[in-house]
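Chain by chain, the residues:
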Amino acid sequence: MVQIGLSAFIEIPHENRYRVHTFNFYVYPGSFGSVNVKFLCQASALEFLCRHNFDFNKFIYDGISYLNEEQEKVLCNEIEELSVATDAECDYDEITVQEISSKISEWLATAKNEDKLVLEKPPSK
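Below you will find a few notes about this structure. (Residues numbered from 1 in each chain as written. Predicted model: local features only at pLDDT ≥ 70, side-chain atom pairs only at ≥ 80, totals over all residues. Heavy atoms only, no water.)

1. Things to note about the sheet that holds strand β2 (residues 17-28)
The 3 strands are arranged β1-β2-β3 in an open sheet whose pairing can be described as mixed. One side of each edge strand has no neighbouring strand; the edge strands of this open sheet are β1 (3-12) and β3 (64-65). Sheet topology places β2 next to β3; 2 bridges connect them, and they run parallel. Along β3, the bridge assignment pairs Val 27 with Ile 64. (Pairing = 2+ DSSP bridges. Helix = DSSP H or I, 4+ residues; strand = E, 2+ residues; numbered from the N terminus.)

2. Some thoughts on the pairing of β2
Regular strands show a simple pattern: their side chains alternate between the two faces of the sheet. Here β1 runs beside β2; their pairing, made up of 10 bridges, is antiparallel. Bridge pairing in β2 links Gly 5 to Asn 24.

3. Comments concerning the packing of aromatic side chains
Each aromatic ring pair is characterised by the separation of its centres together with the angle its planes make. Applying the stated criterion across every chain, the model contains 6 aromatic pairs. Here the aromatic rings of Tyr 28 and Phe 39 are separated by 6.2 Å at their centres, their planes lie at 55°, and the arrangement is tilted. Of this pair, Tyr 28 sits in strand β2 while Phe 39 is found in the loop between β2 and α1 (43-51), placing the two residues 11 residues apart along the sequence. Members of the aromatic cluster, each reached through a chain of ring pairs, are Tyr 26, Tyr 28, Phe 39, Phe 54, Phe 56 and Phe 59. (Phe/Tyr/Trp six-rings, centres within 6.5 Å; stacked < 30°, edge-to-face > 60°.)

4. Points about the pattern of salt bridges
The final tally for this structure, using the stated rule, is 1 salt bridge. Residue Glu 15 pairs with Arg 17 through a salt bridge whose shortest N-O separation is 3.2 Å. The exposure class assigned to Glu 15 is partly exposed, which follows from its relative accessible area of 46%. For Arg 17, a relative accessible area of 47% puts it in the partly exposed group. (Salt bridge = Lys/Arg side-chain N within 4 Å of Asp/Glu carboxyl O. Buried < 20%, exposed > 50% of the residue type's maximum accessible area, 1.4 Å probe, protein only.)

5. Some words on the side chain of Gln 71
Position of Gln 71 among the secondary structure elements: in helix α3 (residues 69-89). A relative accessible area of 17% places Gln 71 in the buried class. Not counting residues within four places of it along the chain, the set of residues in contact with Gln 71 comprises Val 35, Val 37 and Tyr 66. (Contact = heavy atoms within 4.5 Å.)

6. What to know about a nonpolar patch on the surface
On the surface, Met 1, Ile 4, Leu 6, Phe 23, Phe 25 and Ile 64 cluster together into a nonpolar patch covering about 570 Å² of accessible area. Sorting the residues of the nonpolar patch by element identifies β1 and β2 as the ones contributing at least two each. Tracing the sequence through the fold places Phe 23 in strand β2. (Patch = residues over 30% accessible without salt bridge, like charges linked within 9 Å, V, L, I, M, F, W, Y side chains within 5 Å. Areas by Shrake-Rupley, 256 points an atom, 1.4 Å probe, with all protein chains shown as cover.)

7. Comments concerning the environment of Ile 64
Considering the arrangement of structural elements, one finds Ile 64 in strand β3. In this structure Ile 64 comes out as partly exposed when scored by relative accessible area, which is 44%. Along the chain, Ile 64 and Tyr 26 lie 38 residues apart, while their C-alpha atoms are 6.1 Å from each other. Each residue touching Ile 64, except ones within four places of it in the same chain, is listed here: Phe 25, Tyr 26, Val 27 and Tyr 28.

8. Observations concerning unusual backbone geometry
Of note in this structure, Asn 16 is not a glycine but carries a positive phi near 55°. By the element assignment, Asn 16 lies in the loop between β1 and β2.

Below, the structure is given as structure tokens:
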């Protein structure tokens, strides 16, 4: 699956018609932690998509990532294990992490493609 389409129909009662709004969403099986799905497709499917002007860059870069239930369980277990380990070995306080996150957010809002952000390692507790 590479794209999901959704159409919403609104009845126009006095005109005996419907108004329709259609939305298309690219979906892409991104990688999360150790969950790294093999993405296989047939050459004919790619040819079909190319003939119909499918935007592969948008599919990969802007596609909505998803997990199936089994993959979600694996990832949740990894996060839980990481959370337990991180709580025990945390070197930085929450305020420091928030300050660094703010610096990154501010930089992202104004950065151009060539710009770089250099962060110094904060002192440990």
